[in-house]
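Each chain, written out:
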Amino acid sequence: MRLTPPIARRSILPWSLAALATVPMLLHAQTPTRGAAPSPGERLRAMVAERYAGDSAFATVAFLDQFVRWPGNRGFDASIDHIAARLEAAGYVPESRAAAGARLTYRVERYPMAAPAWEPLSATLSIVGEDSPVLDFATNRNMLATNSFGTPAGGITAELVDAGGGTAAELDAANVRGKVVMADVGVSRLFTEAVVRRGAVGVLGYALPAYLQPERNRTSIQFGGVARDTSARAWGIALSFAARERLRRALAGATARGGAPVRVQVRADVRWTSPAVERAVIAEVRGARSPEERFVFSAHVQEPGANDNASGVGAQVEMARVAAALVRDGAVSPDRTLTFLWGLEIRSTERYLTQDTVRAAGVQWGLSLDMVGEDTEKTGGTFLIEKMPDPSAIWTRGEEKHSEWGGRPLTKAEMTPHYFNDFVLHRALEQAATNGWVVRTNPFEGGSDHTPFLRAKKPGLLFWHFTDQFYHTDGDRIDKVSPAELRNVGITALASALLLTTATTPTALALVGELERAALARIETERRLSAAALRAGGDRALERDILETWRSWYDEALGSYAGLEIGGTSGEVQRAIAGARQSLREATDQALRSLP
Ligand SMILES: [Zn+2]
């Protein structure tokens, strides 16, 4: 998504030119220009930036990185305790001990789990007759699929068979009962087909997507899971590229020698905790005037990765510390409540939005912090803001591009017009303007804690990074995390929330103007793309529909700024919104008339 720098149209602080050139969405965003009034969020951004320490966020990431964190296991619980301890150190008081009206509180919620908690302890995969193991948990902590059972102390030794692509026909032909089965298919599906259905003793699955560059990251293993099967009590192992190669070489060698089949030995030791309890931490900076109105952050704790998602946990812990310091110092007093949620991805956020309908009604915004610390020199990719559904997810063209994680085209019925996309992008650009940080956006794709907000008809978006070549692999460790990146993301996220939770009429007016400019820039972009499409023989009705859909999306997004001011919309803001809508209408009509 490389963009020709839009600089021609306006002057920008010189040293940020390079950074801006890599920011595709700039087309639609007005970065602060020299001598102009500071951008609406700049004052708060600077206040947060003064206090936000990337190293402090990084310390939490490093703590969590020690553990393979799954709900109810010791690593997950130690992470929850760590978060609670850092909150107390920052001045948050346990709700149970808090005085009435206390502004900084937190609680740890406990939910009994239906299934036991799982934790890998050790594992090896070895070829009988060869000295060094093919895989060892000590160097590949993702090798054991979640919910695998341990082996007897001495391990299991059995014949290895290769079932190719793992199709039913290949599995039947391989006669897998009582054997260890390898195949180029995900460990979960192979386990069901080979162990549960055909009586294999265990499976070795290989299914690394190309964007993980397995031929380069030869020892990376992406974590996976198998169904908890108390009758088979078997295990699944996910293979790295190098492990798969070595096993296939051994099989080929045995065939070439026409000798005995290859036998492998697997040792696995796991810990089941039962009964298990899933815990979540919720901290709040209570709003001074409208405490029932909330901006909710969510960062998931589970999964073994440093970037996914110890980074979100750490960035958010430091955000909570800075928010507490700002309130305590009297520098900022949010009128609405800031809520910080750490828990199990999707489930904790969904529960927060459904278990209390009165509370849910007051939730105004949701932001998921998930994969926010990438050292992109090492991981590749960039910081991404995944937008709420806008027309770029229907017609993904021009500078708009889906990530390699992937997204499907959306329909008009799935659109959620709101100012939140452009609002947060501008806050990120305010931060980028200070240090050349690379900021990009992608059309809606899903798959993280922003989705429960959208399902609840709340504005919700995601801060993440992609493509990360270590995504969900055991290469995703602390050495791939950048304190500077954590800081950029943390500042942007907290400054965004503080601006919305302290919004005054002047702020609302400035934001309406900011969004109007973004809307007009978008119409101009789409006009040029439509003109080019028509010159190339495109469909006139379609191009008109695209322009009109963007206009109506931004028309409603402008309207969504009604209600931003605490205590109700002022006449000034209503007039500003009406004026902006009018200029949008005129610009769109002009664009439609200008189409060739
Ligand atoms: Zn994640």
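Bear in mind the structure is a predicted one, so any value in this text is a computation, not a measurement. (Residues numbered from 1 in each chain as written. Predicted model: local features only at pLDDT ≥ 70, side-chain atom pairs only at ≥ 80, totals over all residues. Heavy atoms only, no water.)

Novice: Which parts of the structure should I look at to understand the overall build of the protein chain?
Specialist: For the protein chain, the helix and strand inventory stands at 17 helices and 16 strands. Relative to the 2.2 N^0.38 estimate, which gives 25 Å for 596 residues, the radius of gyration of the protein chain is 26 Å and therefore close to what a compact globule would have. Dimensions of the protein chain along its principal axes, counting C-alpha atoms only, are 85 × 70 × 45 Å. Across the protein chain, every contact between residues at least 6 apart in sequence was considered, and the portion connecting residues at least 24 apart equals 79%. (Helix = DSSP H or I, 4+ residues; strand = E, 2+ residues; numbered from the N terminus. Rg over C-alpha atoms; globule rule 2.2 N^0.38 Å. Contact = heavy atoms within 4.5 Å.)

Novice: Whenever I open this one, the pattern of salt bridges confuses me. Can you help?
Specialist: Once their charged atoms are close, side chains differing in charge can pair, the charge on each being opposite to the other. Per the stated rule, a full pass over the model turns up 43 salt bridges. The closest approach of N and O atoms between Glu284 and Arg294, which form a salt bridge, is 2.7 Å. One end of the pair, Glu284, is in strand β10 (residues 277-285); the other, Arg294, is in strand β11 (residues 290-300), and 10 residues separate them in sequence. Across the pair, exposure class does not vary: Glu284 and Arg294 are buried alike. Glu414 is the salt-bridge partner of Arg408, the closest N and O atoms lying 2.5 Å from each other. Through salt bridges with shared partners, one network takes in Lys387, Asp390, Arg397, Glu400, Arg522, Glu526 and Glu543. (Salt bridge = Lys/Arg side-chain N within 4 Å of Asp/Glu carboxyl O. Buried < 20%, exposed > 50% of the residue type's maximum accessible area, 1.4 Å probe, protein only.)

Novice: Would you explain helix α16 (residues 540-559) in this entry?
Specialist: Think of an α-helix as 3.6 residues a turn; residues three or four steps apart then line up on the same face. With 20 residues, α16 extends 29 Å between its outermost C-alpha atoms, agreeing within 8% with the 28 Å of an ideal straight helix rising 1.5 Å per residue. Listed as buried for α16 are Glu543, Ile546, Leu547, Thr549, Trp550, Arg551, Trp553, Tyr554, Asp555, Ala557, Leu558 and Gly559. Buried residues along α16 sit against α12 (420-435), α15 (505-535) and α17 (571-594). N-capping of α16 is provided by Asp539, with a side-chain oxygen placed 2.9 Å from the backbone N of Ala541. (Expected span 1.5 Å × (residues − 1). Polar contact = N/O pair within 3.5 Å; in protein donor to acceptor, adjacent residues only side chain to side chain.)

Novice: Whenever I open this one, the sheet that holds strand β16 (residues 460-466) confuses me. Can you help?
Specialist: On the basis of which strands lie adjacent, the open sheet formed by nine strands has the order β1-β2-β10-β12-β11-β13-β16-β14-β15 and mixed pairing. Each having just a single partner strand, β1 (93-94) and β15 (439-442) make up the two edges of the open sheet. Strand direction decides the pairing type here: strand β13 (residues 363-369) and β16, joined by four bridges, are parallel. If you follow Gly366 over to β16, its bridge partner there is Gly460. (Pairing = 2+ DSSP bridges.)

Novice: For this particular structure, what's the right way to read the domain arrangement of the protein chain?
Specialist: The domain architecture assigned to the protein chain consists of domain 1 (24-113 + 276-501), domain 2 (117-272) and domain 3 (505-594). The gap between the C-alpha centroids of domain 1 and domain 3 is 27 Å. Every contact between the two is made by 34 residues of domain 1 and, on the other side, 30 residues of domain 3. In total, about 2,700 Å² of surface goes out of reach between domain 1 and domain 3, with carbon and sulfur atoms giving 62% of it. Counting across the interface, domain 1 meets domain 3 through five salt bridges. When the shortest N-O distance is used, the salt bridge between Arg522 and Glu400 registers 2.5 Å. (Domains from an automatic or database assignment. Buried area = accessible area lost by both parts, 1.4 Å probe.)

Novice: Please clarify how the pairing of β13 should be interpreted in this entry.
Specialist: Sheet faces and side chains relate simply in a regular strand, where the side chains alternate between the two faces. Burial analysis of β13 places six of its seven residues in the buried class, which makes it a mostly covered element. As judged from the five bridges shared by β11 and β13, these two strands associate in the parallel manner. Bridge assignment links Val296 to a residue of β13, and that residue is Gly366.

Novice: Explain the sheet that holds strand β9 (residues 263-273) here, please?
Specialist: Whenever strands of a sheet pair, they do so through backbone hydrogen bonds, lying parallel or antiparallel. A sheet is described by the order of its strands in space; here seven strands give the open sequence β4-β3-β9-β5-β6-β7-β8, paired in mixed fashion. In this open sheet, the two strands that pair with only one neighbour each are β4 (135-136) and β8 (235-238). Summarising the sheet, strand β3 (residues 117-127) and β4 pair through two bridges and their orientation is antiparallel. In the sheet register, Leu125 faces β4, and the bridge partner there is Leu135. In this fold helix α6 (residues 187-196) packs onto β6 (180-183), β7 (202-205) and β8, with an angle of close to 145° to the strand it touches most, β7. (Axes fitted to C-alpha atoms, helices over the stretch in contact; angles between N-to-C directions.)

Novice: Is there a simple way to think about the coordination of the zinc ion in this case?
Specialist: Expected angles at a metal are 109.5 degrees for tetrahedral coordination by four donors and either 90 or 180 degrees for octahedral coordination by six donors. Coordination sphere of the zinc ion, protein contribution only: His300 (NE2), Asp308 (OD), Asp370 (OD) and Asp370 (OD), at 2.0 to 2.7 Å. Angles of 53 to 141° at the metal separate the four donor atoms of the zinc ion, which places the site in the irregular class. Mapped onto the sequence, the donors of the zinc ion take the spacing H-x7-D-x61-D. Within this pair, whereas His300 is found in strand β11, its partner Asp370 is found in the loop between β13 and α11 (376-379), the two being separated by 70 residues in sequence. An identical accessibility class is assigned to His300 and Asp370; each is buried. (Donors = N, O, S within 2.8 Å, 3.2 Å for Na, K, Ca; no water. Tetrahedral: all angles 85-135°; square planar, octahedral: opposite > 155°, others 65-115°.)

Novice: Quick question: what am I supposed to make of the side chain of Thr339 here?
Specialist: Within the secondary structure, Thr339 sits in strand β12 (residues 336-343). Looking at Thr339, the relative accessible area reads 1%, which means it is buried. Separated by 2.6 Å, the side chains of Thr339 and Glu284 make a polar contact. Excluding residues within four positions of it along the chain, Thr339 makes contact with Ile282, Ala283, Glu284, Arg294, Phe295, Val296, Phe297 and Tyr352.

Novice: What should I look at first to understand the packing of α12 against α15 in this one?
Specialist: In helix packing, the relevant descriptors are the interaxial angle and the interaxial distance, both defined with respect to the helix axes. One can describe the packing of α12 onto α15 by two numbers: an axis separation of 10 Å at closest approach and a directional angle of 100°. Relative to α15, α12 is oriented roughly perpendicular. Contact with α12, carried on its side by Asp422, Phe423, His426 and Arg427, involves Leu511, Glu514, Leu515 and Ala518 of α15 and no other residues of that element. Here the contact of α12 with α15 is built from residues that sort into four nonpolar, one polar and three charged. (Parallel < 35°, antiparallel > 145°, perpendicular 65-115°, else oblique. Nonpolar A, V, L, I, M, F, W, Y, C, P; charged D, E, K, R; others polar.)

Novice: Mind showing me how you'd approach the confidence of the model for the protein chain here?
Specialist: Within the protein chain, residue pLDDT values average 94, and 94% of them lie at 70 or more. Segment residues 1-32: pLDDT under 50, and 71 contacts once partners within four positions in sequence are set aside and those in other chains are kept. (pLDDT = per-residue confidence, 0-100.)

Novice: Can you help me understand unusual backbone geometry in this one?
Specialist: One can expect most non-glycine residues to show negative phi and most peptide bonds to be in trans. Omega for the bond connecting Ser274 with Pro275 falls within 30 degrees of zero, at -5°, which places this linkage in the cis form. Here Pro275 shows up in the loop between β9 and β10. A cis amide bond, omega -5°, links Phe466 with the succeeding residue Thr467. Within the fold, Thr467 resides in the loop between β16 and α14 (483-501). A positive phi angle is found at Gln213, which is not glycine, with a value near 50°. Since its relative accessible area comes to 30%, Gln213 is described here as partly exposed.

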